[in-house]
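# Structure assessment
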Amino acid sequence: MGPMTSTFARLYGTKGWFALAIAAALVLLVVPVLALAVPEASPFHLSQYWVTLIGKIMCYAIVALAMDLIWGYCGILSLGHSLFFALGGYAMGMYLMRQIGRQGQYQADLPDFMVFLDWKELPWHWWNSDQFWWAALLVVAVPGLLAYVFGYFAFRSRVKGVYFSIITQALTFAAMLLFFRNETGFGGNNGFTDFKRILGFTIATPETRVALFAITGAMLLATLLAGRYLVTSRFGRVLAAIRDAEQRVMFCGYNPVHYKLAIWTLSAVLCGIAGALYVPQVGIINPSEMSPANSIEIAIWVAVGGRGTLVGAVAGAGLVNGAKSFFTQAFPEYWLYFLGLLFILVTLFLPQGVVGAVGKLSSRSRRAKRT
Amino acid sequence: MTEAVVRSTGGLGAGDATVGRVASGELDTAHGVVLYLDDISVSFDGFKALNGLSLAIDAGELRCVIGPNGAGKTTMMDVITGKTRPDTGRAFFGQTIDLTRLSEPEIAQAGIGRKFQKPTIFEHHTVFENLELALKSDKRVRRTLFAKLSAAERDRIADMLRQIRLDDAADRVAGLLSHGQKQWLEIGMLLVQDPRLLLLDEPVAGMSDEETARTAELFLSLAGRHSIVVVEHDMEFVGKIARKVTVLHEGSVLAEGDMETVQANERVIEVYLGR
């Protein structure tokens, strides 16, 4: 067995790879065909509503994976992950605003909200924002740098547990207030919207939407595999050891600060990428994405799906957001009650989440069959 | 003596001669002293946990440290392993390594291993993985991303599993071990780091008589290769293994010598019997 095949075998068994291949086929082949090639009259046609909804949930699933890496595997609960998501979204949003060109309401070179504020030129931080490569760089660099600097000071000062969670919550709240202000130059409470094009392609066409969907799906699968590589490596075992007995890790000669910083920064970058994929599909980014409640919701996805299992994080994001889009249409006023109830029930009865419970059931039935 | 120590520890780490930031050089124990504490004082909110403590441990020595509660035994270990910084005084590992300037992981890499009072292992990892993580190796992030166990490293872990009598439990989750087995696993985790100095805080607490006897045997076999400092309340156990005993009281050394001398010391009797 060569080193490549042994790495493959380490990540997933035959069944796991098979499931991944099916997921890849669904995302890259089946959905595009159903949405583009099958005529609208056919019952098999997939409408734009579904393409956008599933695409959006896949963005959330990437965020859930990022959260699981830092919380499920390293024991650090961040309640500020929506900040990194929104920053990636804003970085992409700036580019999308510039792509509107003179097709805005005021038909000006500047984005509409700047004309409205009577600004004469782009603020300094919009430099180069009409370049896609620059936007892509910011999507990764801004959340990554912020997380690195914040994490460096927090982890070096050994801020832990609830204290760390509260500081991250304060951080995202402060950022939200900052982005609400018109002077900050990010469109105030309206944020960015009315996007027209991305890389020259019209966003509203089914083809562009399906392309965005497929890219998001590919990114989700890549994140899942990369995450799996990390948690099955010695690096991942050190992370879990930090979660369980940090003192012992230090006295084994590992410096936990470096490990925490590495996974924390990676987690933030993944959120940024998810945010950048989210914005063109959903068509809007505004400061409410940074609200503390959003960050808490991310933690709920992971808790529901199952902390410390990557598939659980994806499943949790899918289940909760699927339920959310159902509830907010059927009984909009009850959604928050339902979410709260779900969190309490899962904490009480499914401490390892849905995936943990399924695993337990199937191993029990296997044992029953054997006897 | 010194030669033997250096050679044996070098031999155990076969395959990876230069690892980490501190551990690459050989420990300089030219004067036969592996640990040297000089006039260390530590106070917490006015309470003097250590009060002018001075102590020297020879290379290859097995030393027992005893003392009533609050004598400063644990604080002494904290100072040696970098968890607590002394207010005054010097702490040297070998001739050259100033322990008061290093962080906990750096001190561990330099070759000091510590066992806690309560067994501290990675409960969700298997016994094998516990030893794998502890194993002397390059412990920087980018190395662990691609790390693979070499054949020599696997052999080393297998040897250790036999030595701590857990070879049948290699794939068991460590949290499921008995209390005594956890103590042994923790000792094994220290040993695979090839430390020059082992600090053991109540290593036989909660062990059965048979386990205690086996532990005494193990420590006696390790002395000579490693320097060992044992903090223990169990006087019977101390009597079995100790060649030299240090009695701490109120943060400084009250008496030092072989077991009989110490037990005959009037001040020791006074402190222990509360006269």
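Values in this document were obtained by computation on a predicted structure and should not be read as measured data.

All names here are of chain B. Taking strand neighbours across the sheet as the criterion, the four strands line up as β2-β1-β4-β5 in an open arrangement whose pairing is antiparallel. Whereas interior strands pair on both sides, the edge strands pair on one side only; in this sheet they are β2 (47-58) and β5 (97-98). As paired strands, strand β4 (residues 88-93) and β5 are joined by two bridges and run antiparallel to one another. Residue pairing across strands places Phe93 opposite Ile97, the latter belonging to β5. Packing against the sheet, helix α2 (residues 73-80) makes contact with β1 (33-44), β2 and β4, and its axis sits at approximately 65 degrees to β2.

Let us now look at the sheet that holds strand β9 (residues 244-249) of chain B. All names here are of chain B. The sheet built from six strands is open, its strands ordered β6-β7-β8-β3-β9-β10 with mixed pairing. The open sheet has two edge strands with one neighbour each: β6 (112-115) and β10 (252-257). Each adjacent strand pair in this sheet contributes to an overall mean axis angle of 20 degrees, direction not counted. For strand β3 (residues 62-66) and strand β8 (residues 227-231), the ladder comprises four bridges, and the chain directions are parallel. Residue pairing for β8: Val65 is matched across the bridge by Val231. Strands β3, β6, β7 (197-201), β8 and β9 of the sheet are contacted by α2, whose axis makes an angle of about 150 degrees with β7.

On to the confidence of the model for chain A. A residue-level look at chain A finds 99% of positions with pLDDT of 70 or above and a mean pLDDT of 94. Between the elements of chain A, mean pLDDT differs from a low of 83, seen in helix α14 (residues 353-370) of chain A, to a high of 98, seen in helix α10 (residues 256-282) of chain A.

All names here are of chain A. Helix length check: helix α9 (residues 234-251), at 18 residues, gives a terminal C-alpha distance of 17 Å against a target of 26 Å (1.5 Å per residue), a shortfall beyond 12%. Within α9, 14 of the 18 residues are buried, which leaves the element mostly enclosed by the surrounding structure. Gly253 occupies a position one or two residues after α9 and carries a positive phi of about 100 degrees.

Procedures and definitions
Residues take numbers from 1 onward in each chain, read along the sequence in its written order. Numbering of ligands from 1 and lettering of chains from A proceed in the order in which they are written. At least 70 in pLDDT is required for a residue's local features to be given in this predicted model, at least 80 for side-chain atom pairs to be given and counted, and no such filter applies to totals for whole chains, interfaces and linings, which use all residues. Whether two strands pair comes down to DSSP finding at least two bridges between them. We count a stretch as a helix when DSSP gives it H or I for four or more residues in a row; a strand needs E for two or more, and each element gets its number in order from the N terminus. Contact between two residues is assigned when their C-beta atoms, built from the backbone, lie within 7 Å. Fitting a line to C-alpha atoms yields each axis, with helices limited to the stretch in contact; the angle taken between N-to-C directions then spans 0 to 180 degrees. The score called pLDDT rates the predictor's confidence residue by residue, from a low of 0 to a high of 100. Any helix carries an expected span of 1.5 Å times its number of residues minus one. For the exposure call, what matters is how many other C-beta atoms sit within 10 Å of a residue's own: 20 or more marks it buried, 12 or fewer exposed, and in between partly exposed, using C-beta atoms placed from the backbone.

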